[in-house]
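Each chain, written out:
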Amino acid sequence: MAGASPPPPGGRRRLRDDGVRTPTSAEQTKVEDIVQEVFDACKTNHRASQFVLQREKHFHYLKRGLRQLTEAYECLDASRPWLCYWILHSLELLDEPIPQSVASDVCQFLSRCQSPQGGFGGGPGQHPHLAPTYAAVNALCIIGTEEAFGVIDRKKLLEYLHSLKQPDGSFLMHVGGEVDVRSAYCAASVASLTNILTPALFAGTAEWIARCQNWEGGIGGVPGMEAHGGYTFCGMAALVILKREHLLNLRSLLHWVTGRQMRFEGGFQGRCNKLVDGCYSFWQAGLLPLLHRALHARGDAALSMARWMFDQSALQEYILLCCQCPAGGLLDKPGKSRDFYHTCYCLSGLAIAQHFGSGDLHHEVILGVPENRLQATHPVYNIAPEKVVRAVMHFLQQPVPSLEPTAAAE
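Residues numbered from 1 in each chain as written. Predicted model: local features only at pLDDT ≥ 70, side-chain atom pairs only at ≥ 80, totals over all residues. Heavy atoms only, no water.

## Things to note about the overall build of the chain
Phase 1: The secondary structure content of the chain amounts to 18 helices and four strands.
Phase 2: In summary, the chain has a C-alpha radius of gyration of 21 Å against a globular reference of 22 Å for 410 residues, a match within 12%.
Phase 3: The buried share among the 410 residues of the chain stands at 56%.
Phase 4: Taking the contacts inside the chain whose residues are at least 6 apart along the sequence as the reference set, 70% of them involve residues at least 24 apart.
Phase 5: Summing over all exposed atoms, the chain offers an accessible surface of approximately 17,400 Å²; the carbon and sulfur share of this is 54%. (Helix = DSSP H or I, 4+ residues; strand = E, 2+ residues; numbered from the N terminus. Rg over C-alpha atoms; globule rule 2.2 N^0.38 Å. Buried < 20%, exposed > 50% of the residue type's maximum accessible area, 1.4 Å probe, protein only. Contact = heavy atoms within 4.5 Å. Areas by Shrake-Rupley, 256 points an atom, 1.4 Å probe, with all protein chains shown as cover.)

## Here we look at the pattern of salt bridges
Phase 1: Per the stated rule, a full pass over the model turns up 16 salt bridges.
Phase 2: One salt bridge in this structure joins E27 and K30, with 3.3 Å as the shortest N-O distance. Within this pair, E27 and its partner K30 are both found in helix 1 (residues 23-44), separated by three residues, close to a single helical turn.
Phase 3: For E27, a relative accessible area of 36% corresponds to the partly exposed category.
Phase 4: By relative accessible area, which is 46% here, K30 ends up partly exposed.
Phase 5: With its nearest N and O atoms 3.8 Å apart, the salt bridge here joins D77 to R80.
Phase 6: A relative accessible area of 41% places D77 in the partly exposed class.
Phase 7: Via salt bridges that share partners, R14, E32 and D33 belong to a single interconnected network. (Salt bridge = Lys/Arg side-chain N within 4 Å of Asp/Glu carboxyl O.)

## Let's talk about a nonpolar patch on the surface
Phase 1: Together, V389, M393 and L396 make up a nonpolar patch on the protein surface, roughly 300 Å² of accessible area in all.
Phase 2: Relative to the helices and strands, M393 resides in helix 17 (residues 385-396). (Patch = residues over 30% accessible without salt bridge, like charges linked within 9 Å, V, L, I, M, F, W, Y side chains within 5 Å.)

## Quick notes on the packing of aromatic side chains
Phase 1: Under the definition given, this model contains 20 aromatic pairs.
Phase 2: With 4.5 Å between their ring centres and 10° between their planes, Y61 and F340 make a pair best called stacked. Of this pair, Y61 sits in helix 3 (residues 55-67) while F340 is found in helix 16 (residues 340-354), placing the two residues 279 residues apart along the sequence. Assigned by exposure class, Y61 and F340 land together as buried.
Phase 3: Centroid distance F233 to W283: 5.4 Å. Interplanar angle 65°. Geometry classified as edge-to-face. Placement of the pair is F233 in helix 11 (residues 229-241) and W283 in helix 13 (residues 280-283), with a sequence separation of 50 residues.
Phase 4: Residue classification places W283 among the buried positions, given a relative accessible area of 10%.
Phase 5: An aromatic cluster of three or more residues is present, and its members are W82, Y85, W86, Y134, Y185, F233, F282, W283, Y341 and Y345. (Phe/Tyr/Trp six-rings, centres within 6.5 Å; stacked < 30°, edge-to-face > 60°.)

Here it is as structure tokens:
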């Protein structure tokens, strides 16, 4: 359905502070004013021409980043596998092929990030950590070659995951580190993609995640904490992998996440009373396919078979008008700088908003020109669905590594 209509102006509602101005309401009003200027400029300058994804500029920004980064990225020295993943995933969404030589260089670099103890660090020689381990495995699955799959030491990875597992079912992010829902998702994601997911490894994990759902309906980092978009995605996606999403109050979660789409901007906020941010285009909107599937499995007759339960056109409008840097790359909101993180998750959210379902139930809602269409992304792993299938099929041919009793008991 290319050329979908943008949201009607009457559907937008600005903040009403009931005459009580607070720092929060002042910041929200400031953002709405900036976004209003963008929308007004779009109306003045031939509306349709503004809904264009600047593919070529984004491609050149991403291609440059794979080979060379400025010294401004020095602060991300412990996140180098993330940079590989953010860029490679953005390129696959744009349907830009990765040259074989570049793919091989990425594989060799990530192999140097792999720790002798298992898992991947944020750079060569760094301690292993579940976040860059997730990013590295995703990047290697996007490449999807024998060389890429061969980088992953599955036995050491399984030992590493066991070393992080806690008695209550949770996982540490790294040895001696913190516990939160991200670690459960990262562990479940890499374990399921590489065929090392065992009942013993995830005993109690689903129940621990369910305890992180709070009175708001969303999921916090640990039990008792405020609901947050990133943690909620991680918790829900981990439960989908573990086939235990029924442990959540799905209706309450649906109510919480749909309330995070901003009524004026069209994008999503991460928490109640926070500002819109382009990255939540994926972390929040990506929850809706997972919820749709879970509610459909329970026989919910009220579900649409053509659209997700959020305003897909409004989200696309926010990303296309407010989150594109004229020089390439995407960003949080107007006035912010571009970066590879926001480029990846703005494009991922745009793909979620464009594609409903799969197979015979696949419907597309493309705002603007047909060339805006991105490739679909898997809502659990956030890589291309066919790359998920390729990785799973590859590693299913290999047995689950057996561990020494001491390693499995740690």
